[in-house]
Amino acid sequence: MAWNDVSALWQDIALTVLFLVPALLTGALVLRGYAPWPLVRAILWRFRGASALFVLLIAVSVGMGIGLLAQERGLRRGTAQAADKFDLVITAPGSELTAMLATVFLQPADMGLLDGATWDEIAGHDSVALAAPLAFGDSFGASAVVGTTLGFARYLADGQITGRPWQAEGEALIGALVPLEIGAEFTPAHGVGDAVDDHAHGDAHIRVVGRLGRSGTPWDRAILVPIETVWEVHGLANGHAPGTGRLGPPFDAAYFPGAPAVVVHSDALWANYALRSEFTRDRETMAFFPGAVLAQLYGVLGDVRQVMSLMALVTQALVAASVLLGLFILSRLFRRQIALLRALGAPARFVFAVVWCFGAALLLSGALLGLCAGVGTASVLARVVTARTDVLVAAPVGWTEIHFLAVFVSVTLLLSLLPAAIVLRQPVVQGLRS
Amino acid sequence: MRYPAIIALLVLPLPAIAQDHDDHLSHHGTLHAMHAWTRASARDGTTYVFVDLENHGAAPVLIHGARSDIAQTGALVGFTLENGEARWVDIPTVPVAPGRELHLEPDALAIRLGGLTQDLHRGDTFDMHLLTGIGELDLHVAVEAAGAAQHSHAGHMH
């Protein structure tokens, strides 16, 4: 059976075992035929203060490394999940990154507008299951006010709407984290952030009629209104011929004032690729997959990820070196007891096993405690990042971190053979006099 | 005497340019292809082939996959992002609509050649046959650098 035929879970389990093999082999060889546990337990208790300090040092170091690695992966997953509902986005030509940040993460941006003819072509395409124009530029407090269609609001929230959908202009659906109640009224401000003009739309009143389910994306802080409302508030045509009183698509191309972005969803996976090719036109339209833009971004940030991993490894190496030095110093503390053991005729290998086992106990305890600290660190960091970005970040410790820990345990257990060997080289008589 | 020499100097490279031009273009029936390329890869590995397709006919042309003597498999795949990790998923078939273009390009659609039987170095070329609903379209694939994002002639009109 080829490695690629094995399931991912079994590959991870096999890798973990593989990484632990040096530690297990070392333990088996060193402890073969001996049971030094009572003596090791006694030494641990005798020097409990120093031992606890070493365990804590290892735990903090391992925990920080694991927490940061898990957090980086959690952030990547969270941002990717935020783009899940945006299969394909069509905009006027420009920067894909800027357009992706504007549509998926609701970051303010100056973007060109797609005209009515382009809208007609997109919405009327056979392969398009859902086409939703988005109109940005207004806000209320920290929330972006986005004009769109009811179909997109339902799609975004997977149909989970508390209250009721909008039925007329001037009604709004709010994201799960918007600090407004159903029935509340507000006046949108023109602009977003520092450039906001609170009085530009003074006569516009929008009433909240429903709340969308939590999506774990920045859209949880958005206020969605019929795109006709946004157009009319800005003194533009409302997408329909006068007197029709219609809300939502189909829009009349002659009365379509323009939209900076259109989100497209297709039922068939292949259709997205075909649509992207079709609507990528020089100086006319730009079609892109937000997921692909994020992947490119991750590629650029991949170097940062490698630096983080390297920093974590260097930290572990430094801690391992400190632990080895510490083990050597600790072994000086019980040098007399070791010398007494040897004077009483204890085999050298038994004494070696006792010293190694003492070091292994500290390292394993520290590593396990570090794993718990890593889970806690990742959880705390995830909450902080989620609160600051509105991107739902979950950072559970995964196999990467388990592998990282397994390598750390194996390497340090191998290295702790050194202090054990050094202790054996010390003269017994000097040890008894110490 | 001077002018014939200048003219000769200008004309002599034309066959080579024409050959280069032909290498970048191919067609089968109404389906035209331009700038097939891939990235440098190691033997036994996998590589992704990208190409611009255009259907000049009046009926859709289905793309199913590809075959090549230098690879054991040739599947049509699409790029997707799952849990923050890039993935290529199998796409059984994609139609090229009449009068439309279809771009097989990085982070979108591609032909995945698996089980390469030789190393692919920058500057190499190899033949690949695109399996379509109207027969096989022969492509001359150029090998670019391992980290390349486009064909070295991308943007050139042929």
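Definitions and limits used
- Residues numbered from 1 in each chain as written.
- Chains lettered and ligands numbered in written order.
- Predicted model: local features only at pLDDT ≥ 70, side-chain atom pairs only at ≥ 80, totals over all residues.
- Helix = DSSP H or I, 4+ residues; strand = E, 2+ residues; numbered from the N terminus.
- Rg over C-alpha atoms; globule rule 2.2 N^0.38 Å.
- Buried ≥ 20, exposed ≤ 12 C-beta atoms within 10 Å, placed from the backbone.
- Contact = placed C-beta atoms within 7 Å.
- Axes fitted to C-alpha atoms, helices over the stretch in contact; angles between N-to-C directions.
- Parallel < 35°, antiparallel > 145°, perpendicular 65-115°, else oblique.
- Left-handed = near helix turned anticlockwise from the far one by under 90°.
- Nonpolar A, V, L, I, M, F, W, Y, C, P; charged D, E, K, R; others polar.
- Domains from an automatic or database assignment.
- UniProt positions renumbered as here; feature names shortened; annotations may be inferred.
- Expected span 1.5 Å × (residues − 1).
- Bend = angle between axes of the 7 residues up to and from the residue.
- Pairing = 2+ DSSP bridges.
- pLDDT = per-residue confidence, 0-100.

Notes on the overall build of chain A
From N to C terminus, chain A includes 14 helices and 11 strands. The C-alpha radius of gyration computed for chain A amounts to 31 Å, which surpasses the reference 22 Å derived for 434 residues by more than 25%, pointing to a less compact arrangement than a globule. Considering only C-alpha atoms, chain A reaches an extent of 105 × 50 × 35 Å along its principal axes. Here chain A holds 434 residues, and the buried ones make up 42% of them. Summarising the internal contacts of chain A: among those between residues at least 6 apart in sequence, 78% fall at separations of at least 24.

Here we look at the packing of helix 11 (residues 348-389) of chain A against helix 12 (residues 399-415) of chain A
Helix-helix packing: each pair is described by the crossing angle between the helix axes and the interaxial distance. Residue and element names in this part refer to chain A. Where helix 11 contacts helix 12, the axes come no closer than 10 Å and their chain directions differ by 165°. The orientation of helix 11 relative to helix 12 falls into the category roughly antiparallel. For the pair helix 11 and helix 12, the sense of crossing is right-handed. Side by side, helix 11 and helix 12 meet where Ala 360, Leu 363, Leu 364, Ala 367, Leu 371 and Gly 374 of the first sit next to Glu 401, Leu 405, Phe 408, Val 409, Thr 412 and Leu 413 of the second. A breakdown of the residues in the contact of helix 11 with helix 12 according to their chemical character gives nine nonpolar, two polar and one charged.

Focus on the domain arrangement of chain A
Residues and elements named next belong to chain A. Domain annotation for chain A reports domain 1 (3-81 + 302-433) and domain 2 (88-288). Using only C-alpha atoms to locate each centre, domain 1 and domain 2 end up separated by 52 Å. Facing the four residues of domain 1 at the interface are six residues of domain 2. The residue inventory of the side of domain 1 that touches domain 2, partitioned by class, reads two nonpolar, one polar and one charged.

Focus on the UniProt feature "transmembrane region" (unreviewed entry) in chain A
Residues and elements named next belong to chain A. UniProt feature "transmembrane region" (unreviewed entry): in the numbering of this structure it lies at residues 12-31, 51-70, 285-301, 307-330, 350-382 and 402-424. Its end C-alpha atoms 28 Å apart, residues 12-31 is made of 100% helix and 0% strand. End C-alpha to end C-alpha, residues 51-70 measures 28 Å, and it is 100% helix and 0% strand.

Some points on the interface of chain B and chain A
Contacts between the two partners involve 17 residues from chain B and, on the opposite side, 18 residues from chain A. Put simply, the parts of the chain that give the side of chain B that touches chain A at least two residues each are strand 5 (71-82), strand 7 (94-96) and strand 8 (101-104) of chain B. Take the side of chain B that touches chain A: its biggest share by element is four residues, from strand 5 of chain B. Within the side of chain B that touches chain A, the residues separate by chemical class into nine nonpolar, five polar and three charged.

Some details on helix 1 (residues 8-31) of chain A
Residue pairs three or four apart in sequence face the same way in an α-helix, which turns once every 3.6 residues. Residues and elements named next belong to chain A. Its 24 residues give helix 1 an end-to-end C-alpha distance of 34 Å, which sits within 8% of 34 Å, the value for a rise of 1.5 Å per residue. Largest kink in helix 1: about 45°, centred on Leu 20, with the proline Pro 22 one to four residues after it. Remark: Gly 33 follows helix 1 within two positions and exhibits a positive phi of approximately 85°.

Concerning the pairing of strand 1 (residues 88-91) of chain A
All names here are of chain A. Both faces of strand 1 are covered, namely the face carrying Leu 88 and Ile 90 and the face carrying Val 89 and Thr 91. In terms of strand pairing, strand 1 meets strand 10 (residues 261-265) through four bridges, oriented antiparallel. Bridging from a neighbouring strand, Val 89 pairs with Val 263 of strand 10.

Considering the environment of A:Ala42
Checked against the element boundaries, A:Ala42 lands in helix 2 (residues 37-46). Distance from A:Ala42 to A:Glu96, taken between C-alpha atoms, is 65 Å for residues 54 residues apart in sequence.

Quick notes on the confidence of the model for chain B
Residue and element names in this part refer to chain B. Averaged over chain B, the pLDDT score is 84; the fraction of residues at 70 or greater is 81%. In the model, residues 14-19 has pLDDT below 50 throughout and makes zero contacts with residues more than four positions away in sequence or in other chains. Interface scoring of the predicted complex returns ipTM 0.76; its pTM is 0.77.

Focus: the packing of helix 3 (residues 48-82) of chain A against helix 12 of chain A
Residues and elements named next belong to chain A. As a packed pair, helix 3 and helix 12 sit with axes 9 Å apart at the nearest point and diverge in direction by 155°. The angle between helix 3 and helix 12 falls in the class roughly antiparallel. Note that helix 3 runs across helix 12; the crossing there is right-handed. Listed contacts from helix 12 to Val 62, Gly 65, Ile 66, Leu 69, Ala 70 and Arg 73 of helix 3 are Thr 400, Glu 401, Phe 404, Leu 405 and Phe 408. Residues of the contact of helix 3 with helix 12, tallied by class, amount to seven nonpolar, two polar and two charged.

Concerning the environment of A:Phe358
All names here are of chain A. Tracing the chain through its elements places Phe 358 in helix 11. Classification of Phe 358 by C-beta neighbours within 10 Å gives buried; the count is 26. Separated by 321 residues in the primary sequence, Phe 358 and Trp 37 have C-alpha atoms spaced 9.0 Å apart. Ignoring anything within four residues of it in the chain, the contact list for Phe 358 reads Val 40, Ile 43 and Leu 44.

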